[in-house]
Amino acid sequence: SAITITNNNVRIVGESKDDTIIQQTNSGADLIQVYANNVKIENLTLDCETHSAQAAYVVGDGQTSGSPDTSVGNFNTLDNCRVLGNPTAALGSGVFAVFVAGASYSVGAQTLTAFRNNDLQQGNKVTNCYIKSPWEGDGLSFSLQRLGSVSNNVVDGTRIAYYMNRNSKVTENEINNSASTGISVATPHKSTLIANNVINGSTNTGILVQPQVEHLPLIDDDYINSMSIVGNTIRGAGNNGIELNNTKNNTVSSNTIHAPDNHGIYLQQTSENTIGLNTILDPRADTGNARGSGIYM
């Protein structure tokens, strides 16, 4: 079974990532579940790779769907850990390595209302970790959060996914060889910062912003705006370098995009953006289907 933490103010500290290894031997179980506040886990290896287990680290409220409790699951930190995700995820098992899940809202109207009212978990962080997963889905999923951050991590083989967050940031991460996008942001969102990340060799778009289809129709425009995508370096993206879809009033500035397989920056159904000081090198050379644009609107 999983290590489930329900007491506040717990700290689990290893001697080092190399010397302290926690391994889940039950393939049907998560490794660590945090249903509490002010929990810090650091200096460990969390291994769900060896026995093809479920998520290595989960933060939630521990409630059943439709009975959310945002007083639980706040101000927790995963720091300086090595996280090894399920190696069979690439075969379709769909397993997160790290899942900051948010409170247990039902999909649809209840979740949209919670986002609109800012009734979200807060202050959770994933920092200074190495996270490995082969899954083309959300290797590191950060959902229904406010004032949270994913920073200074190295992510190998998978993507960072931000779902319906407010005033949260994705900064200073290195994402290598993702099986899908590098960083995926699902709208609605509010005041998201994506800054100074390095994305190498993503199979799809480097940074992708688009609607979260499980929660359509979108709520009004005031809740899908104000993102800053600044200072990122994207190399060899398998589709576009940066793509914005159904969002507005964003800043895309000072990014460097090398050799995308489609466009450098792609804008679709988006308005009132500030695009400037970006460097786009060697977009795809052929001109069929409008490929090869630096910026395509």
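Residues numbered from 1 in each chain as written. Predicted model: local features only at pLDDT ≥ 70, side-chain atom pairs only at ≥ 80, totals over all residues. Heavy atoms only, no water.

### Comments concerning the overall build of the protein
Consideration 1: Across its full length, the protein holds one helix and 33 strands.
Consideration 2: Its C-alpha atoms give the protein a radius of gyration of 19 Å, near enough to 19 Å, the size a compact globule of 297 residues would have.
Consideration 3: The principal-axis extents of the C-alpha atoms in the protein amount to approximately 55 × 40 × 30 Å.
Consideration 4: Taken across its 297 residues, the protein has 54% of its residues classed as buried.
Consideration 5: With the model as given, the accessible surface of the protein reaches about 11,500 Å², and the carbon-plus-sulfur share is 43%.
Consideration 6: Taken as two groups, the 16 positive and 25 negative side-chain charges of the protein have centres that lie 5 Å from each other. (Helix = DSSP H or I, 4+ residues; strand = E, 2+ residues; numbered from the N terminus. Rg over C-alpha atoms; globule rule 2.2 N^0.38 Å. Buried < 20%, exposed > 50% of the residue type's maximum accessible area, 1.4 Å probe, protein only. Areas by Shrake-Rupley, 256 points an atom, 1.4 Å probe, with all protein chains shown as cover. Lys, Arg positive; Asp, Glu negative; His and termini not counted. Charge placed at Lys NZ, Arg CZ, Asp CG, Glu CD.)

### A few points about the packing of aromatic side chains
Working definition: an aromatic ring pair is given by the centre-to-centre distance plus the angle between the planes.
Consideration 1: The tally for this structure, following the rule as stated, stands at four aromatic pairs.
Consideration 2: With a centroid separation of 4.0 Å and an interplanar angle of 15°, the aromatic rings of F96 and F99 are classed as stacked.
Consideration 3: Ring plane angle 75° and centroid distance 5.5 Å describe the contact between F96 and W135, whose orientation is recorded as edge-to-face. In this pair, F96 is assigned in the loop between β9 (82-84) and β10 (98-100) and W135 in the loop between β13 (130-132) and β14 (140-143), connecting sequence segments 39 residues apart.
Consideration 4: F96 sits in the partly exposed class, given a relative accessible area of 21%.
Consideration 5: Positioned over the ring face of F115 is R166, at 5.4 Å from the centre of the ring. (Phe/Tyr/Trp six-rings, centres within 6.5 Å; stacked < 30°, edge-to-face > 60°. Lys NZ or Arg CZ within 6 Å of the ring centre and 35° of its normal.)

### What about unusual backbone geometry?
Consideration 1: At the junction of T187 and P188, the peptide bond is cis and its omega measures out at 5° in the coordinates.
Consideration 2: Positive phi values are uncommon outside glycine, yet N43 reaches one of about 60°.
Consideration 3: Tracing the sequence through the fold places N43 in the loop between β5 (40-42) and β6 (45-47).
Consideration 4: Residue classification places N43 among the buried positions, given a relative accessible area of 17%.
Consideration 5: Even without glycine at this site, N80 takes up a positive phi of about 55°.

### Quick look at the pairing of strand β30 (residues 265-268)
Consideration 1: Two elements, strand β27 (residues 242-245) and β30, share four bridges in a ladder whose sense is parallel. Considered in β30, the bridge of I242 is made with I265.
Consideration 2: Of the pairings in the sheet, the one linking β30 to strand β33 (residues 295-296) comprises two bridges and is parallel in character. Paired with Y266 across the bridge in β33 is Y296. (Pairing = 2+ DSSP bridges.)

### Quick look at the nonpolar core
Consideration 1: Counting 48 residues, the largest nonpolar core has I41, L46 and L78 as its most contacted members.
Consideration 2: With near-sequence residues (within four places) excluded, L46 lies in contact with I22, L31, I32, A56, Y57, L78, R82, V83 and L84. (Core = buried A, V, L, I, M, F, W, Y, C linked by side-chain atoms within 4.5 Å. Contact = heavy atoms within 4.5 Å.)

### Observations regarding the sheet that holds β9
Consideration 1: Taken in spatial order, the 10 strands of this open sheet run β3-β6-β9-β13-β17-β20-β23-β26-β29-β32, and their pairing is parallel. The open sheet has two free edges, formed respectively by β3 (21-23) and β32 (279-281), since each of these has just one partner strand. Neighbour to neighbour, the strand axes of the sheet diverge by 10° on average, direction disregarded. (Axes fitted to C-alpha atoms, helices over the stretch in contact; angles between N-to-C directions.)

### Here we look at the pattern of salt bridges
Consideration 1: Within this structure, the stated rule accounts for six salt bridges.
Consideration 2: The salt bridge involving D18 is made with R82; its shortest N-O contact spans 2.9 Å. With D18 in the loop between β2 (11-13) and β3 and R82 in strand β9, the pair connects residues that are 64 residues apart, well separated along the chain.
Consideration 3: Overall, R82 belongs to the partly exposed group, its relative accessible area being 24%.
Consideration 4: For R159, the salt bridge goes to D138, with nearest N and O atoms at 2.6 Å. Of this pair, R159 sits in the loop between β17 (154-156) and β18 (160-163) while D138 sits in the loop between β13 and β14, and the two are 21 residues apart along the sequence.
Consideration 5: Within this structure, R11, K40 and E42 form a network of salt bridges that share partners. (Salt bridge = Lys/Arg side-chain N within 4 Å of Asp/Glu carboxyl O.)

### Re the sheet that holds β18
Consideration 1: Pairing is parallel in the open sheet, where 11 strands are placed in the order β1-β4-β7-β10-β14-β18-β21-β24-β27-β30-β33. One side of each edge strand has no neighbouring strand; the edge strands of this open sheet are β1 (3-5) and β33.
Consideration 2: In the sheet, strand β7 (residues 57-59) pairs with β10 via three bridges, with the strands oriented parallel. The residue bridging Y57 from the neighbouring strand is V98, located in β10.

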